[in-house]
Amino acid sequence: MNTQIIDGKLIAETIKSELKNKVLTLKEQSITPGLAVILVGENPASQVYVNNKKKACEYVGMKSFSYELPAQTSEKEVLDLVETLNNDNHVHGILVQLPLPKHMDEQKIILKIDPAKDVDGFHPQNVGALSIGLEGLVSCTPAGVIELLKRSEIEIAGKHCVVVGRSNIVGKPVSLLLLREHATVTICHSRTKNLETVLKQADIVIAAVGITKFITGSMLKPGVVVIDVGINRDENGKLCGDVDFKSCQSVASHITPVPGGVGPMTIAMLMHNCVLAATNQGGASN
Ligand code: NAD
């Protein structure tokens, strides 16, 4: 099989350079898109993600405002900070880095974010908008998956897409987005029976399971498109996905690698959401 490896890094770079131009246009209208990131505690992985987000803001010409709070910060303090940022017209996007420390109610904090500034797309208003086909901010990783397919010129309409995973962060929203693109969508999860039989029928597989090398080539139909959302570590501590790349590559027409597939798209789509939020809000001064 002459398999095409989808270069998520390259596609993400292209999106970010397109956004650079959009930011320049907004600046001509005296609007500089601004992203506020709230990080509570000292989770090393979260610190890496937050730094990457700051760098991406700088690259596209946006402002970033960083709030790095100690782990013992109270829930009320975070809610008050979100409220302040909701009312700050230099801030167009608010992102609360998850997971939060255990003494905080994540849902309560997400609910506090102004839906117009909810660039992670986790607020129930944005999730609801997606499910009934209204405009709204779409969560970044699922939006990145659709963008990867479109920019690789893979047709979605009429295709049978099998999504493995039903989380609120990936599985459910990506399924809704595929449906919006007119795919026939099957969602599989931990209680699905005969997963292999379902997978064999897929034209496009989206893997969002969180289990190292869970999907292997023998489970797939020749010519399938494989999008691997997973970010795991293998037995040697090496980054890998939910898909066994080697065996799947030999049957797939297209496949995303890990790293370098969906991962870079998440930040590119976050930048996209910030620019969209700033465009929709308008009016804020430089
Ligand atoms: P999650 O743990 O919330 O959900 C996993 C899903 O997999 C569940 O819905 C569960 O039902 C399903 N599942 C578990 N075992 C299964 C089985 N045996 N058969 C079928 N389904 C099974 O995970 P998540 O937050 O959706 O993340 C999934 C993966 O994607 C993780 O590896 C995560 O690190 C990665 N991720 C990557 C990005 C990115 O930017 N690329 C973003 C978010 C998550």
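Read on for a plain summary of the structure. (Residues numbered from 1 in each chain as written. Predicted model: local features only at pLDDT ≥ 70, side-chain atom pairs only at ≥ 80, totals over all residues. Heavy atoms only, no water.)

**What about a nonpolar patch on the surface?**
For the record, the criterion: Any residue with relative accessible area above 30% and no salt bridge may belong to a patch, with like charges joined within 9 Å and the nonpolar Val, Leu, Ile, Met, Phe, Trp and Tyr side chains within 5 Å. Using the Shrake-Rupley algorithm and a 1.4 Å probe, accessible areas are obtained, with residue cover drawn only from the displayed protein chains. For salt bridges, the criterion is a side-chain nitrogen of Lys or Arg within 4 Å of an Asp or Glu carboxyl oxygen. To qualify as a helix, a DSSP run of H or I must reach at least 4 residues; to qualify as a strand, a run of E must reach at least 2; elements of each kind are numbered from the N terminus. Exposure categories follow from relative accessible area, calculated using a 1.4 Å probe and restricted to protein chains: below 20% of the type maximum is buried, above 50% is exposed, and the middle band is partly exposed.
On the surface, a cluster of nonpolar side chains totalling about 270 Å² of accessible area is made up of Tyr-49, Ile-231 and Leu-239. Topologically, Leu-239 is positioned in strand β10 (residues 239-240). Residue classification places Leu-239 among the partly exposed residues on the basis of a relative accessible area of 30%.

**Quick notes on the packing of helix α1 (residues 8-28) against helix α10 (residues 262-281)**
What counts is decided by this rule: Throughout, an axis means a line fitted to C-alpha atoms (over the contacting stretch in the case of helices), and angles, computed between N-to-C directions, take values from 0 to 180 degrees. Angles are sorted into four bins: roughly parallel if under 35 degrees, roughly antiparallel if over 145, roughly perpendicular if 65 to 115, and oblique for all others. In a left-handed crossing the near helix is turned counterclockwise from the far helix by less than a right angle, and in a right-handed crossing that turn is clockwise. Two residues qualify as a contact provided that any one of their heavy atoms is within 4.5 Å of a heavy atom in the partner residue. Each residue is assigned to one of three groups, with Ala, Val, Leu, Ile, Met, Phe, Trp, Tyr, Cys and Pro labelled nonpolar, Asp, Glu, Lys and Arg labelled charged, and all others, Gly among them, labelled polar.
One can describe the packing of α1 onto α10 by two numbers: an axis separation of 9 Å at closest approach and a directional angle of 20°. Here α10 runs roughly parallel to α1, going by the angle between their axes. Once α1 is placed against α10, the crossing between them reads as left-handed. Contacts between α1 and α10 involve Gly-8, Lys-9, Ile-11, Ala-12, Ile-15, Lys-16, Leu-19, Lys-22, Val-23 and Leu-26 on the former and, on the latter, Pro-264, Met-265, Ala-268, Met-269, Met-271, His-272, Val-275, Ala-278 and Thr-279. Broken down by class, the residue content of the contact of α1 with α10 amounts to 13 nonpolar, three polar and three charged.

**Quick word on the pairing of strand β8 (residues 225-228)**
Under the convention used in this document: Any two strands between which DSSP finds at least two bridges are classified as paired.
Neither face of β8 is exposed, since Val-225 and Ile-227 on one face and Val-226 and Asp-228 on the opposite face are all buried. Alignment of strand β7 (residues 204-207) against β8, held across four bridges, turns out to be parallel. Each bridged residue has a counterpart across the sheet, and for Val-205 the counterpart in β8 is Val-226. Pairing of β8 with strand β11 (residues 254-255), which is carried by two bridges, proceeds in the parallel orientation. Bridged to Val-226 within β11 is Ile-255.

Structural measurements only, silent on function.
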